[in-house]
Amino acid sequence: RRLEAVAALVISFKALYFAELIVKLAPIIQTILKMLADSIGFMIILLIVQFAFVVSFWLLGKNQLQYDSVPTESEDFPSYTTFDGACSFIYEMSLGEVGGFGMYEVGAESHQLPLWIVFILASFTLIIHMMNMLIAIMTNTFEENQAVQNLIISKTKLRFVIDNFNLFQPFGTVEDKQKISYIVT
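Residues numbered from 1 in each chain as written. Predicted model: local features only at pLDDT ≥ 70, side-chain atom pairs only at ≥ 80, totals over all residues. Heavy atoms only, no water.

### Some words on the packing of aromatic side chains
Here a ring pair, both rings aromatic, is described through the centre-centre distance and the interplanar angle of the planes.
No. 1: On inspection of all chains with the given rule, the structure shows 6 aromatic pairs.
No. 2: Between the aromatic rings of Tyr80 and Phe89, the centroid separation amounts to 5.4 Å while the plane-to-plane angle is 55 degrees, which identifies the pairing as tilted.
No. 3: You can call Tyr80 buried: its relative accessible area is 0%.
No. 4: Judged by its relative accessible area of 7%, Phe89 is buried.
No. 5: Aromatic ring contacts, followed pair by pair, group Phe51, Trp58 and Phe83 into a single cluster. (Phe/Tyr/Trp six-rings, centres within 6.5 Å; stacked < 30°, edge-to-face > 60°. Buried < 20%, exposed > 50% of the residue type's maximum accessible area, 1.4 Å probe, protein only.)

See the structure below:
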């Protein structure tokens, strides 16, 4: 079923190729693809920042377990004390979920201040700053594509013709697809 799941995704994304022939959808699909390409650098930076906060919470959580006598079977047990838990905690925080912040006061509370400081830094950096940067990148890409919307529609239709030129072979067999690309454009 894993292969079927991947095949279903590939087939669904392939439908976007044909959906680009619809005049109203072509610029939207191209904008989405350009946004993905434009946000690759941002995603790398976001992953590095997230990893820094994961390690920070994980180390403070281990210290909290060791020095604050936090009972492991407690329902107030902090999720960030394991590496997987810290990854989940920071991922959820990046999406705006801050429900686990009350766990800093469990045990002897000697790590409460450093945990709150890291929490405030992570909240500001991940939720406010990084997400606003992502919105700015997407807005810029959208505005750029809106300016050349008619060109995108023409380019999409021409690419479809070039990609499928050999299916019908109206001018006989053409071996060199690059020559056809040059002629059509």
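After presenting the structure, the write-up continues.
### Examining the packing of helix α3 (residues 40-67) against helix α4 (residues 83-94)
No. 1: At a minimum axis separation of 9 Å, α3 and α4 run at an interaxial angle of 130 degrees. Classed by the angle they form, the pair α3 and α4 counts as oblique. Crossing angle aside, the handedness with which α3 passes α4 is right-handed. Mapping the contact onto sequence places Gln50, Phe51, Phe53, Val54, Phe57 and Trp58 in α3 and Phe83, Ala86, Cys87, Phe89, Ile90 and Ser94 in α4.
No. 2: Its residues placed into classes, the contact of α3 with α4 shows 10 nonpolar, 2 polar and no charged. (Axes fitted to C-alpha atoms, helices over the stretch in contact; angles between N-to-C directions. Helix = DSSP H or I, 4+ residues; strand = E, 2+ residues; numbered from the N terminus. Parallel < 35°, antiparallel > 145°, perpendicular 65-115°, else oblique. Left-handed = near helix turned anticlockwise from the far one by under 90°. Contact = heavy atoms within 4.5 Å. Nonpolar A, V, L, I, M, F, W, Y, C, P; charged D, E, K, R; others polar.)

### A look at the nonpolar core
No. 1: In this structure, Phe57, Ile90, Met93 and Leu126 are the most contacted members of the largest nonpolar core, which totals 18 residues.
No. 2: Listing elements by their share of this core, those giving two or more residues are α3, α4 and α5 (112-147).
No. 3: With 7 residues, the top contributor of residues to this core is α5. (Core = buried A, V, L, I, M, F, W, Y, C linked by side-chain atoms within 4.5 Å.)

### Focus on the pattern of salt bridges
No. 1: Throughout the structure, instances matching the rule amount to 1 salt bridge.
No. 2: Close ionic contact of Lys34 with Asp38 constitutes a salt bridge, the shortest N to O distance being 3.4 Å. A residue pair is termed a helical-turn pair when its members lie 3 or 4 positions apart in one helix, as Lys34 and Asp38 do in helix α2 (residues 26-38) at 4 residues.
No. 3: Taking relative accessible area as the criterion, Asp38 reaches 30% and is therefore assigned partly exposed. (Salt bridge = Lys/Arg side-chain N within 4 Å of Asp/Glu carboxyl O.)

### Details of the packing of α2 against α5
What describes two packed helices is the angle between their axes and the distance between those same axes.
No. 1: For the pair α2 and α5, interaxial distance at closest approach is 9 Å and the crossing angle is 140 degrees. Our classification of the angle between α2 and α5 gives oblique. Of the two possible hands of crossing, α2 and α5 adopt the one that is right-handed. Between α2 and α5, the contacting residues are Gln30, Thr31, Lys34, Met35 and Asp38 on the first element and Ile137, Met138, Thr141, Phe142, Glu144 and Asn145 on the second.
No. 2: Grouping the amino acids of the contact of α2 with α5 by side-chain chemistry returns 4 nonpolar, 4 polar and 3 charged.

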